[in-house]
There are 2 protein chains.
Amino acid sequence: MNIGEAARRAGLPAKTIRYYEDIGLVAPHRDGNGYRRFGESEVHKLAFLARARSLGFSIDDCRMLLSLYEDRGRASAEVRGLAQRHAKEIDARIARLKEMRATLGELIEACAGDERPDCPILKDLAGG
Amino acid sequence: MNIGEAARRAGLPAKTIRYYEDIGLVAPHRDGNGYRRFGESEVHKLAFLARARSLGFSIDDCRMLLSLYEDRGRASAEVRGLAQRHAKEIDARIARLKEMRATLGELIEACAGDERPDCPILKDLAGG
DNA sequence: ACTTAGGGTTCCAGTCATGGGAAGGTCAAG
DNA sequence: CTTGACCTTCCCATGACTGGAACCCTAAGT
């Protein structure tokens, strides 16, 4: 199949698929006319990548995950370790965002939000 | 003062300050030797920016916030609106991350993480 | 006088994972 | 024979910096 159908089936933009080829994540064959030709296994790989990306794994993590996936003899511990490191990073990001959100919430609450110029939000930004 | 001290006092890398000048957020004067010279008000502005950035506001938001800050007659409603939109986006980001985290947590739990190759994480990525 | 260290300056390139759009080739249908 | 939907490569832009090269300025130590 051509890139369009592969894109539809993998749930990825064609542009992204071309990029993935560029950086060596997939390697579709070419037809006589220069079009990329995708088989089931390529589409499967692309869907794998789409799923991994949707879980927030970086492209480098995805590369690792793919190679582990294709290594029949890998230890599941390696995959689990990767996932755990990633989960930790997500936890950290959530924590940072929650802190921001809490501060923002307080400031928003403290601000009247009317036509007057007095504003605790700006006051805080200006250093209290 | 020079950029180094301004950086220390504002809590921003000198490089970032130069970038902020580039994009028109600050406009320090120049000494005879070409060095940027920062006064108290520039440093204050920089600290304002640092604080706003640390709350996750985009540079564009910061630009808006600065101009509101400097507009003695602004309505606090405008600031509050901006902050609320931003808070909503943070909420959305937290929600997305939490979803990822939950899925990751389940997969990690299901994975033995030993020397055997069988791995529910890879199974999930491969489409169940 | 000379060197060294620690400032400062500009400009260019890279990050991450795409997205946009131009300029052009290919193909099936009407 | 043309339309329209595909496909190709290539280059530029994003956000908010960060790193590094190549160079200038100034003060202190030898």
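Placed above this text is the structure.
Residues numbered from 1 in each chain as written. Chains lettered and ligands numbered in written order. Predicted model: local features only at pLDDT ≥ 70, side-chain atom pairs only at ≥ 80, totals over all residues. Heavy atoms only, no water.

1. A few points about the pattern of salt bridges
All names here are of chain A. Here is the rule: Put simply, a salt bridge is a Lys or Arg side-chain nitrogen that is within 4 Å of an Asp or Glu carboxyl oxygen. Helix numbering and strand numbering both begin at the N terminus, where a helix is a DSSP run of H or I of at least 4 residues and a strand a DSSP run of E of at least 2. The cut-offs for exposure are 20% and 50% of the maximum accessible area for each residue type, with area from a 1.4 Å probe on protein chains only; residues under the lower value are buried, those over the upper are exposed, and the others partly exposed.
This structure, assessed with the given rule, holds 24 salt bridges over all chains. Among the salt bridges present, the one from R9 reaches E5, with a minimum N-O distance of 3.8 Å. One end of the pair, R9, and the other, E5, are both in helix 1 (residues 3-10), four residues apart, so they sit about a helical turn from each other. Among the residues examined, R9 registers a relative accessible area of 41% and is labelled partly exposed. Under the relative-accessibility criterion, E5 is labelled partly exposed at 37%. As a salt-bridge pair, E21 and R36 come within 2.5 Å of each other at their nearest N and O atoms. A residue pair is termed long-range when its members are at least 10 positions apart, and E21 in helix 2 (residues 14-22) and R36 in strand 2 (residues 36-37) qualify at 15 residues. The structure contains a network of salt bridges with shared partners spanning E5, R9 and E40.

2. Brief notes about the protein's contact with DNA strand D
For the record, the criterion: Think of it this way: one heavy atom of a residue within 4 Å of a molecule or strand is enough to make that residue near it. For this analysis, a polar contact is any N or O atom pair within 3.5 Å, provided that within protein one partner can donate a hydrogen and the other can accept it, and provided that sequence-adjacent residues contribute only side-chain to side-chain pairs. Under the scheme applied, nonpolar residues are Ala, Val, Leu, Ile, Met, Phe, Trp, Tyr, Cys and Pro; charged residues are Asp, Glu, Lys and Arg; polar residues are all the others, including Gly.
Not every one of the 18 residues close to DNA strand D is listed here, only the nearest: G4 and R36 of chain A together with K15, Y20 and R53 of chain B. Among the atoms of DNA strand D lying within 4 Å of the protein, the sugar-phosphate backbone contributes 69%. A distance of 3.3 Å separates a phosphate oxygen of DNA strand D from a polar atom in the side chain of R30 of chain A. Taken together, the elements giving at least two residues each to the surface near DNA strand D come down to helix 1 of chain A together with helix 2 (14-22) of chain B. With four residues, helix 2 of chain B is the largest single contributor of residues to the surface near DNA strand D. In terms of residue class, the surface near DNA strand D is built from seven nonpolar, six polar and five charged.

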